[in-house]
Each structure stands twice: as structure tokens, then as C-alpha cells.
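# An overview of the molecular structure
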Amino acid sequence: TNVGNDNTSSKSIKSILKQIVVAEDKNDPLTDERLVKVLKNKGISISRRTVAKYRNAMHIDSASGRRNPH
């Protein structure tokens, strides 16, 4: 399966994903579903399962794991 368009490699998608997660509101972290929408707004069409796979590969917690404990 081809993810994104031809010039959008999984490496660059992971990089963008990491930037989004770093910049997110830790009191309201983005779910995989919301990450899919943010990426779509950037012109990257990717499934929620693929977002989860990339997130896990980069050792980024799920939204509940990234939430501020306060």
C-alpha cells in the first residue's frame, strides 16, 4: 500500500508526526484519529492504523499516555 503521495516518504511523515505531537496541548493530546485529520490538512492521506504504527515505532505514547497528569 502506498502511503501519502509519491514524494511523501514514511520517514518524512514520521518527522511531521513527531513535530505535531511535540507541539500539541498536553492537557488535550491528539488521538490517532485527530492526528489523521491534522495530517490530511497538510495534504497527507494516511490511515489511523498507519498513524498508530508510526507512533509506536517512534515510541510515542497514545493520547492517554501523553496527557498531563495534572
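One structure accompanies this document, and this report is about it. These numbers were taken from a predicted model, which means no experiment stands behind them.

## What about the pattern of salt bridges?
Taken as a whole and judged by the stated rule, the model has 4 salt bridges. Of the charged contacts in the structure, one is a salt bridge between Glu-24 and Lys-26, with a shortest N-O distance of 3.4 Å. Taking the shortest distance from any N to any O, the salt bridge between Arg-34 and Asp-28 comes out at 3.3 Å. Shared partners join several salt bridges into a network, and the residues in it are Glu-24, Lys-26 and Arg-66.

## Points about the packing of helix 1 (residues 10–23) against helix 3 (residues 48–57)
Taken N-terminus to C-terminus, the directions of helix 1 and helix 3 make an angle of 80 degrees; their axes are 10 Å apart at the nearest point. With respect to helix 3, the axis of helix 1 lies roughly perpendicular. Along its contact with helix 1, which presents Ser-10, Ile-13, Lys-14 and Leu-17, the element helix 3 presents Val-51, Tyr-54, Arg-55 and Ala-57. The residue inventory of the contact of helix 1 with helix 3, partitioned by class, reads 5 nonpolar, 1 polar and 2 charged.

Thresholds applied
Residues numbered from 1 in each chain as written. Predicted model: local features only at pLDDT ≥ 70, side-chain atom pairs only at ≥ 80, totals over all residues. Heavy atoms only, no water. Salt bridge = Lys/Arg side-chain N within 4 Å of Asp/Glu carboxyl O. Axes fitted to C-alpha atoms, helices over the stretch in contact; angles between N-to-C directions. Helix = DSSP H or I, 4+ residues; strand = E, 2+ residues; numbered from the N terminus. Parallel < 35°, antiparallel > 145°, perpendicular 65-115°, else oblique. Contact = heavy atoms within 4.5 Å. Nonpolar A, V, L, I, M, F, W, Y, C, P; charged D, E, K, R; others polar.

These figures come from the coordinates and say nothing about function on their own.
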